[in-house]
Amino acid sequence: MSARPWLNAALAAFAIIAGLGGAARAAAAPDALTVTFCGTGGPLPIRDRAKPCVAIQAGGLLYIVDIGPESNKNLMLWRMPTSNVGAVFITHLHSDHIGDLGEFNMQSWVTGRTAPLIVIGPAGTDQLVAGFNQAYTGDHGFRHAHHDHGDVRMPIDAGLMQARVVTLPAQPDAAGVVREVVWSRGGLVVTAIAVNHFPVTPAFGYRFDYRGRSVVISGDTRKWPPLATAAKGADVLIHEAQNSDMNHTLTAFLRGAGQTRLASMMTDTLSYHTTPVEAAEIARDAGVKALVLTHLTQAGLPFFTPEAFTKGMNETGFTHWKLADDGMTIDLPVGSDEIQYGHR
């Protein structure tokens with residue numbers, strides 16, 4: 001009997017390894033736009049929440065929006081089809097949004113990716129990609145030397161990343177939005193949208209449109225009305241959120257504990273994030289069907305409760321909202337208005 005827990009753990013590990021790059025819920029249904037939350041926390045450590053990452057499946061390919069620390073582990077544990085990745089989209093270059101890029105690139109290559117990983121993002125994305133490529137030079141060489149034989153091919157070129165730096169128009173369009181289409185393949189169109197995360201600039205949100213279904217991801221931003229315009233007609237708005245009252249409580253605690261450096265930094269964050277109530281206002285103004293809040297930095301605080309965090313949201317008149325957690329899924333079947341929530 002004492003061996004059974006070990007045996008169960010071993011069998012679970014073998015199942016994960018057997019499915020790497022493949023698919024438990026493997027590919028999304030070909031007639032759907034599917035979202036998986038692979039990281040819903042923020043910079044602070046939170047048990048059971050990786051740092052920001054959203055996976056999109058459409059047109060037979062996997063796409064990643066941000067790839068924060070711990071998120072690649074989730075993608076592997078859920079046996080997401082990482083070898084079949086179309087591109088990684090970066091919203092901005094804060095560390096909690098990019099920390100697992102090197103590991104995601106390496107693991108998707110190991111599990112069978114046959115071409116360089118395309119990484120799309122704002123100015124600085126080229127330096128980000130070059131840095132990770134350089135950092136993993138030795139690793140790539142070792143794995144190629146050890147595993148590239150027989151029927152297994154691991155060309156080093158396929159294990160690299162290629163940056164596509166997006167430069168948005170200098171002026172907004174007629175609707176008042178600075179945006180540009182940055183990807184079009186297999187019926188999926190991705191539009192980069194300028195948001196306001198100053199002094200982090202440029203910073204992007206992204207809109208994914210696939211065969212009549214659509215999802216908008218805010219990235220990190222303060223309340224930004226042009227985002228509501230860019231999200232018009234979308235099915236789901238995925239928006240970051242930070243509760244100001246909880247921030248003030250945390251800051252007071254830190255100052256009382258003599259942690260004035262951290263208290264100052266936490267106060268600074270109030271200037272470039274969006275409150276849950278403000279996110280609901282953006283969703284209402286955009287006319288989206290549903291709002292999902294993510295980047296929940298405060299979810300790990302001892303005084304966090306969903307009720308306190310979302311207080312006042314319903315008073316905006318927008319009530320179709322949820323808080324994301326790691327593993328949450330959204331399926332948007334093509335040819336339907338249905339929004340199906342699930343969990344991996």
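These remarks concern the structure in this document.

Conventions and cut-offs
- Residues numbered from 1 in each chain as written.
- Predicted model: local features only at pLDDT ≥ 70, side-chain atom pairs only at ≥ 80, totals over all residues.
- Heavy atoms only, no water.
- Helix = DSSP H or I, 4+ residues; strand = E, 2+ residues; numbered from the N terminus.
- Buried < 20%, exposed > 50% of the residue type's maximum accessible area, 1.4 Å probe, protein only.
- Pairing = 2+ DSSP bridges.
- Axes fitted to C-alpha atoms, helices over the stretch in contact; angles between N-to-C directions.
- Core = buried A, V, L, I, M, F, W, Y, C linked by side-chain atoms within 4.5 Å.
- Contact = heavy atoms within 4.5 Å.
- Disulfide = S-S within 2.5 Å.
- Phe/Tyr/Trp six-rings, centres within 6.5 Å; stacked < 30°, edge-to-face > 60°.

**So, the environment of Phe142**
Among the secondary structure elements, Phe142 is positioned in helix α5 (residues 137-147). Given the relative accessible area of 63%, Phe142 is considered exposed.

**What about the sheet that holds strand β10 (residues 213-217)?**
Strand pairing in a sheet takes place through backbone hydrogen bonds and is either antiparallel or parallel in direction. Read across the sheet, seven strands follow the order β7-β8-β9-β10-β11-β12-β13 without closing on themselves; strand pairing throughout is mixed. Across the chains shown, the open sheet's two edge strands, defined by having one partner strand only, are β7 (179-185) and β13 (321-323). Strand after strand, the sheet turns through a mean of 20° between neighbouring axes, direction not considered.

**As for the nonpolar core**
Judged by nonpolar contacts, the single largest core of 35 residues is most densely connected at Phe37, Tyr63, Phe89, Trp183, Tyr206, Phe208 and Ile238. Among the elements that line this core, the one with the most residues is strand β9 (residues 204-210), at four residues. Apart from residues lying up to four places away in sequence, Trp183 is in contact with Tyr63, Gly86, Ala87, Phe89, Ile118, Ile120, Arg164, Leu188, Val189 and Val190. Residues Leu237, Ala241, Leu291 and Met313 belong to the second largest nonpolar core, which totals 33 residues.

**A word on the state of the cysteines**
Here the structure, examined in full by the defined rule, presents one disulfide. Between the sulfur atoms of Cys38 and its disulfide mate Cys53 the distance is 2.4 Å. Taking the torsion about the sulfur-sulfur bond, which here is approximately -65°, the covalent link between Cys38 and Cys53 counts as left-handed. With Cys38 in strand β1 (residues 32-39) and Cys53 in strand β2 (residues 53-58), this pair connects stretches of sequence that are 15 residues apart. When its relative accessible area of 1% is taken as the criterion, Cys53 is described as buried.

**A few points about the packing of aromatic side chains**
According to the stated counting rule, one finds eight aromatic pairs in the structure shown. A centroid spacing of 5.7 Å and a plane angle of 75° characterise the contact between Tyr63 and Trp183, whose relative ring orientation is edge-to-face. Taken together, the positions of Tyr63 in strand β3 (residues 61-67) and Trp183 in strand β7 put the pair 120 residues apart, joining distant regions of the chain. Overall, Tyr63 belongs to the buried group, its relative accessible area being 1%. Under the relative-accessibility criterion, Trp183 is labelled buried at 7%.

**Thoughts on the sheet that holds strand β6 (residues 161-165)**
Across the sheet, which stays open at both edges, the eight strands sit in the order β6-β5-β4-β3-β2-β1-β14-β15 with mixed pairing between neighbours. Strands with a single pairing partner mark the edges of an open sheet, and in this sheet they are β6 and β15 (340-343). Geometrically, the sheet is characterised by an average inter-axis angle of 20° between neighbouring strands, direction not taken into account. Of the pairings in the sheet, the one linking β1 to β2 comprises five bridges and is antiparallel in character. By the bridge assignment for β2, Gly39 is matched with Cys53. In the packing of helix α3 (residues 101-110) onto the sheet, contacts are made with β3, β4 (85-89), β5 (117-121) and β6, and the angle to β5 comes to roughly 155°. Running at roughly 170° to β6, helix α4 (residues 125-135) makes contact with β5 and β6 of the sheet.

Limitation: the analysis is restricted to geometry and does not speak to function.
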